[in-house]
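Residue strings, one per chain:
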Amino acid sequence: MRSWGCKAPLTRPTAEAYAGDDGVIIMCASCIEGMGGTHFEKLIVSGTAYEIEERLSKIPPKDTIPEQWCTQIYSRILKKHRVILVTTYLEHEIVRKANMIPASSPDEALAMAYELKGKDASVVVIPDGVSVLAV
């Protein structure tokens, strides 16, 4: 989960850019080491996207916490998009606590996305999303 735009602060993460205003993002990640850094994981399971954003917006700039910016981007994405996480190492309950929809396979995730957006929905595949720039 370290790919939520942390490397390019002046651009939108590629999946967010391509998903439009109300798209579904399917992220395939084993998450063998969990959901990113210690602060990030604690923050993303601490409430809804709106609650997380509100809490973080009250932190003065001189008191920012590690991984705060990544969590703010994550919250911004969740406010506009449904995110389906395909993972083999995380329990589905922790994925739900992080405000995502758990899936056990890419096929299951794609079926969920089509159910949410309709059978005529467009699909964009972005391999290695942190090294791709949407133009």
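Here the structure is shown first, and the text comes after it.
Along each chain, numbering runs from 1 in the same order as the chain's sequence is written. Reporting in this predicted model follows two pLDDT cut-offs: at least 70 for local features of residues, and 80 or more for side-chain atom pairs to be given and counted; totals over whole chains, interfaces and linings ignore these cut-offs and use all residues. Hydrogens and water molecules were not included; the side-chain quantities draw on all heavy atoms of the structure.

**A look at the side chain of Thr71**
Put simply, the test is: Helix and strand labels come from DSSP, where a helix needs a run of H or I of at least four residues and a strand needs a run of E of at least two; each type is numbered from the N terminus. Contacts are residue-level and defined by heavy atoms, with any inter-residue pair within 4.5 Å sufficient.
Along the chain, Thr71 falls in helix 4 (residues 68-80). Ignoring anything within four residues of it in the chain, the contact list for Thr71 reads Phe40, Leu43, Ile44, Ile52 and Leu56.

**Quick look at the pairing of strand 2 (residues 82-86)**
Note the following rule: Working definition: with a 1.4 Å probe on protein chains only, accessible area under 20% of the residue-type maximum means buried, over 50% means exposed, and in between means partly exposed. When DSSP finds at least two bridges between two strands, those strands are taken to pair. Crossover handedness is defined by viewing with both strands directed away from the observer: a clockwise path from the first strand over the helix to the second marks the crossover as right-handed.
Within strand 2, 4 of the 5 residues are buried, which leaves it mostly tucked inside the rest of the structure. Sheet analysis places strand 1 (residues 24-28) next to strand 2, joined by 5 bridges and oriented parallel. Directly across from Ile26, in strand 2, lies its bridge partner Ile84. Between the parallel elements strand 2 and strand 3 (residues 101-103), the chain passes through helix 5 (residues 92-97) in a crossover that is right-handed.

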